[in-house]
Amino acid sequence: MESLTKMTRIEIVIPGRDAAPVRELITSAGATGYTAVSGVSGLGHHGAHSGVLLFNEYDMLTMLITVLPPEKAPALIDAVRHLLEGGHGVMFVAETYVSRPEYFV
C-alpha cells in the first residue's frame, strides 16, 4: 500500500428525488467526480427496497459514490448529514487508497 495514496470514500444511498442536491454537495465540496448507481436494492430501516425500475428514477434508490482527499471530506460529510436529517437515506464513510491521486484533487 506504500505506493497508493490515502483518500476518503463516501457512499450515499438516497431516494432518487434527493440525488440532485447530493450531487451538488459533492461537486461543491471539491470532489472531482462521483459514480451514480440507480436502482439500488436492499433491506434497511424502512424495509425492503427492490431494484426494479419503477415508473421513474425519482422513486427508486440511488447510490452516489465519491472519493476525495481527507481534508475535503469533513465539509461534505457534515453537509450530507444535515441533508439526511429527517429524511431517508444513509451515508457510509471509509478510508480508501487510490493508485492515481491526481484524478481526485
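This is a predicted model, so every value here is computed, not measured.

### What to know about the overall build of the chain
Alright, step 1. Across its full length, the chain carries two helices and six strands.
Alright, step 2. The globule rule puts the C-alpha radius of gyration for 105 residues at 13 Å, and the 14 Å found for the chain is close to it.
Alright, step 3. On the principal axes, the C-alpha backbone points of the chain span a range of 45 × 25 × 20 Å.
Alright, step 4. For the chain, buried positions account for 30% of its 105 residues.
Alright, step 5. Counted over contacts in the chain with a minimum sequence separation of 6, partners at least 24 positions apart contribute 78%.
Alright, step 6. Carbon and sulfur atoms form 54% of the exposed surface of the chain, whose accessible area is close to 6,500 Å².
Alright, step 7. Positive and negative side-chain charges in the chain, numbering 7 and 11 respectively, have mean positions lying 2 Å apart.

### Description of the pattern of salt bridges
Alright, step 1. One pass over the full model with this rule turns up two salt bridges.
Alright, step 2. Note that Lys6 is salt-bridged to Glu95, the shortest N-O span being 3.2 Å. Remark: Glu95 occurs in strand E6 (residues 90-98) and Lys6 occurs in strand E1 (residues 5-15); sequence separation between them is 89 residues.
Alright, step 3. Residue Arg9 pairs with Glu11 through a salt bridge whose shortest N-O separation is 2.9 Å.

### Quick notes on the sheet that holds E1
Sheet strands associate in pairs through backbone hydrogen bonding, adopting either a parallel or an antiparallel arrangement.
Alright, step 1. Strand order in this open sheet of four strands is E2-E5-E1-E6, and the pairing throughout is antiparallel. Taken across any chain shown, the strands that pair with only one partner, and hence form the sheet edges, are strand E2 (35-38) and E6. Each adjacent strand pair in this sheet contributes to an overall mean axis angle of 20°, direction not counted.
Alright, step 2. Contacting E1 and strand E5 (61-68), helix H1 (residues 19-28) crosses the sheet at an angle of about 0° to E5.

### Quick look at H1
Think of an α-helix as turning once every 3.6 residues; residues three or four places apart then point the same way.
Alright, step 1. Those residues of H1 that sit buried are Ala19, Val22 and Ile26. Along H1, the residues classed as buried sweep out an arc of 65° about the axis, all on the same side.
Alright, step 2. Structurally, H1 contributes buried residues whose contacts are with E1, E5 and helix H2 (73-84).
Alright, step 3. The first or second residue beyond H1 is Gly30, which carries a positive phi of 100°.

### Digging into the side chain of Thr8
Alright, step 1. Tracing the sequence through the fold places Thr8 in strand E1.
Alright, step 2. For Thr8, the residues in contact, after removing those within four places along its chain, are Thr66, Val67, Leu68, Pro70, Ala73, Val93, Ala94 and Thr96.

### Details of the confidence of the model for the chain
Alright, step 1. When the pLDDT values of the chain are averaged, the result is 89; 91% of them are 70 or greater.
Alright, step 2. Mean pLDDT in the chain bottoms out at strand E4 (residues 47-49), which sits at 76, and peaks at E6, which reaches 97.

### Some thoughts on the nonpolar core
Alright, step 1. Ranked by internal contacts, the top residues of the largest apolar core, which has 14 residues, are Ile10, Ile12, Ile14, Val22, Ile26 and Leu76.
Alright, step 2. Of all elements in the fold, only E1, H1, E5 and H2 reach the threshold of two or more residues within this core.
Alright, step 3. With five residues, H2 is the single largest residue contributor to this core.
Alright, step 4. Discounting chain neighbours no more than four positions away, the residues touching Ile14 are Ala19, Val22, Met60, Leu61, Thr62, Leu64, Leu84, His88 and Gly89.

About the criteria used
- Residues numbered from 1 in each chain as written.
- Predicted model: local features only at pLDDT ≥ 70, side-chain atom pairs only at ≥ 80, totals over all residues.
- Heavy atoms only, no water.
- Helix = DSSP H or I, 4+ residues; strand = E, 2+ residues; numbered from the N terminus.
- Rg over C-alpha atoms; globule rule 2.2 N^0.38 Å.
- Buried < 20%, exposed > 50% of the residue type's maximum accessible area, 1.4 Å probe, protein only.
- Contact = heavy atoms within 4.5 Å.
- Areas by Shrake-Rupley, 256 points an atom, 1.4 Å probe, with all protein chains shown as cover.
- Lys, Arg positive; Asp, Glu negative; His and termini not counted.
- Charge placed at Lys NZ, Arg CZ, Asp CG, Glu CD.
- Salt bridge = Lys/Arg side-chain N within 4 Å of Asp/Glu carboxyl O.
- Pairing = 2+ DSSP bridges.
- Axes fitted to C-alpha atoms, helices over the stretch in contact; angles between N-to-C directions.
- Arc of directions from axis to C-beta.
- pLDDT = per-residue confidence, 0-100.
- Core = buried A, V, L, I, M, F, W, Y, C linked by side-chain atoms within 4.5 Å.

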